[in-house]
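Examination of the molecular architecture
The lines below spell out each chain.
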Amino acid sequence: MTGLGAVFRPQLPPERLRDLARLADDAGLEELWLWEDCFLEGGVSAAAAALAWTERLRVGVGLLPVPLRNVAVTAMEAATLHRLFPGRAVVAVGHGVQDWMEQVGARAESPVTLLREYLLALRALLGGETVTTQGRYVKLDGVALDWPPAPGVTVLAGATGPRSLRLSGEAADGTILTAATGPDGVRRARRLIDEGREAAGRTDPHQVVVYLHTATGPDAAARLRAEIAAGGEDPAQEHGVAGDAGAVAKAVQRLADAGADTVVLQPTADEPDPEGFLRFAATEVRPLVP
């Protein structure tokens, strides 16, 4: 079965998260995803709250920018979430928006090198290992978690470019693709991820999560076009969907057929009814997605 989720966009104030997370949980939505966009809301704090307020909802943070966080801190935070809420937390890391990283004085000269070192160290720490490494960016001396999570915790990486996608296949357990990714982009990403997996000799499962620009209700098409234009994306590229549940389900299925394991519906920043959007995803779209 294709996984289905929705995004709580950080353009909404944090105090709205409680009601929306509970609504998603009660409506039967499988996953709620949060963003740590500068300078809106913290990903880990929001995820912990959403998990505490709900009973079965999986909560993903997609993603934590690695230049902002020492890898030991991320490992501690992720391990705590996984131990407090077994099987319900999903943590992804990535380069972050480079302009924002520059703005806070954290931009790395080689983002791919940083992400490689970070992923290797993070997965080792969450696996209960004692890590000593002296990389270009990641430096640890005999670091181990006192409270590692149960075995089998997955670490996802956000990736877009070829080098990052190959790296994700090599060093992460899954990949998050942006909403600018259409079905052809998912197929391309899968090929590059598999190249990295083959180079690393990996045969374990690799989850691909794809965001999908989604608009429904009045003025859906206009809002979707404005969202894509505001993001500087190519409006001619096949991505995003505006319409009723049937249209959205078909768009989800096209991504699944291309290789997505989970599709996360991403409402427009000006979505007029966030509560209605979550109900729409859970009660109207989900039954149409096999």
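Presented here is an overview of the structure given in this document. (Residues numbered from 1 in each chain as written. Predicted model: local features only at pLDDT ≥ 70, side-chain atom pairs only at ≥ 80, totals over all residues. Heavy atoms only, no water.)

**Details of the pattern of salt bridges**
Under the criterion given, the structure shown has 17 salt bridges. In this structure, Glu36 and Arg69 form a salt bridge, with 2.7 Å as the shortest nitrogen-oxygen distance. Here Arg69 lies in the loop between strand E3 (58-65) and helix H3 (71-84) and Glu36 lies in the loop between strand E2 (31-34) and helix H2 (43-53), a separation of 33 residues in the sequence. Accessibility classification places Glu36 together with Arg69 in one group, the buried group. One salt-bridge network, held together by shared partners, links Arg123, Asp173, Asp194, Arg197, Arg202 and Asp204. (Salt bridge = Lys/Arg side-chain N within 4 Å of Asp/Glu carboxyl O. Helix = DSSP H or I, 4+ residues; strand = E, 2+ residues; numbered from the N terminus. Buried < 20%, exposed > 50% of the residue type's maximum accessible area, 1.4 Å probe, protein only.)

**So, the side chain of Thr262**
Note that Thr262 resides in strand E11 (residues 262-267). We classify Thr262 as buried; its relative accessible area is 4%. Here Gln207 takes part through its side chain, which lies 3.2 Å from a polar atom of the side chain of Thr262. The contacts of Thr262, once residues within four sequence positions are left out, are Gly3, Leu4, Glu31, Gln207, Val208, Val209 and Val210. (Polar contact = N/O pair within 3.5 Å; in protein donor to acceptor, adjacent residues only side chain to side chain. Contact = heavy atoms within 4.5 Å.)

**Focus on helix H6 (residues 162-171)**
Burial in H6 covers these residues: Ser164, Leu165, Leu167, Ser168, Gly169 and Ala171. As for H6, its buried residues are in contact with helix H5 (111-126), strand E7 (155-158), strand E8 (174-177) and helix H7 (183-200).

**Examining the side chain of Arg197**
For Arg197, the position within the fold is in helix H7. What Arg197 contacts, discounting residues up to four positions off in sequence, is Gly169, Glu170, Arg202, Thr203, Asp204, Pro205 and His206.

**Side note on the packing of helix H9 (residues 245-258) against helix H10 (residues 274-285)**
Interhelical geometry of H9 versus H10 gives an angle of 80° and a closest axis separation of 10 Å. Our classification of the angle between H9 and H10 gives roughly perpendicular. Here H9 contributes Ala245, Val248 and Ala249 to the contact with H10, which in turn contributes Phe280, Glu284 and Val285. Residue classes in the contact of H9 with H10 are distributed as 5 nonpolar, no polar and 1 charged. (Axes fitted to C-alpha atoms, helices over the stretch in contact; angles between N-to-C directions. Parallel < 35°, antiparallel > 145°, perpendicular 65-115°, else oblique. Nonpolar A, V, L, I, M, F, W, Y, C, P; charged D, E, K, R; others polar.)

**Observations regarding the nonpolar core**
In globular proteins that are soluble, nonpolar side chains generally tend to be buried together. Counting 80 residues, the largest nonpolar core has Leu119 and Leu265 as its most contacted members. Looking at this core, the element that brings in the most residues is H5, giving 10 residues. With residues near it in sequence (within four places) discarded, Leu265 still touches Leu4, Gly5, Ala6, Val7, Leu212, Thr214, Val248, Val252, Phe277 and Ala281. Residues Trp35, Leu63, Val90 and Val209 belong to the second largest nonpolar core, which totals 12 residues. (Core = buried A, V, L, I, M, F, W, Y, C linked by side-chain atoms within 4.5 Å.)

**Structural notes on H10**
Residues spaced three or four apart along an α-helix face the same direction, because each turn holds 3.6 residues. With 12 residues, H10 ought to run about 16 Å at 1.5 Å a step, and its terminal C-alpha atoms sit 15 Å apart, in line with that. All of the buried residues in H10 are Pro274, Phe277, Leu278, Phe280, Ala281, Ala282 and Val285. Buried residues in H10 make contact with strand E1 (3-8), helix H1 (17-27), E2, strand E9 (207-215), H9 and E11. (Expected span 1.5 Å × (residues − 1).)

**With respect to the pairing of E3**
With 7 of 8 residues buried, E3 is to be regarded as a mostly interior element. Judged from the 4 bridges that link them, E2 and E3 form a sheet pairing that is parallel. Across the sheet, the residue bridging to Leu32 is Val59, located in E3. For the segment spanning E2, H2 and E3, crossover handedness is right-handed. Relative to strand E4 (residues 89-94), E3 is paired through 5 bridges, and the arrangement is parallel. Its bridge partner being in E4, Val59 is matched across the sheet by Ala89. Regarding the hand of the β-α-β motif, the stretch spanning E3, H3 and E4 is right-handed. (Pairing = 2+ DSSP bridges. Right-handed = clockwise from strand over helix to strand, strands pointing away.)

In short, the description is geometric, and any link to function would need to be established separately.
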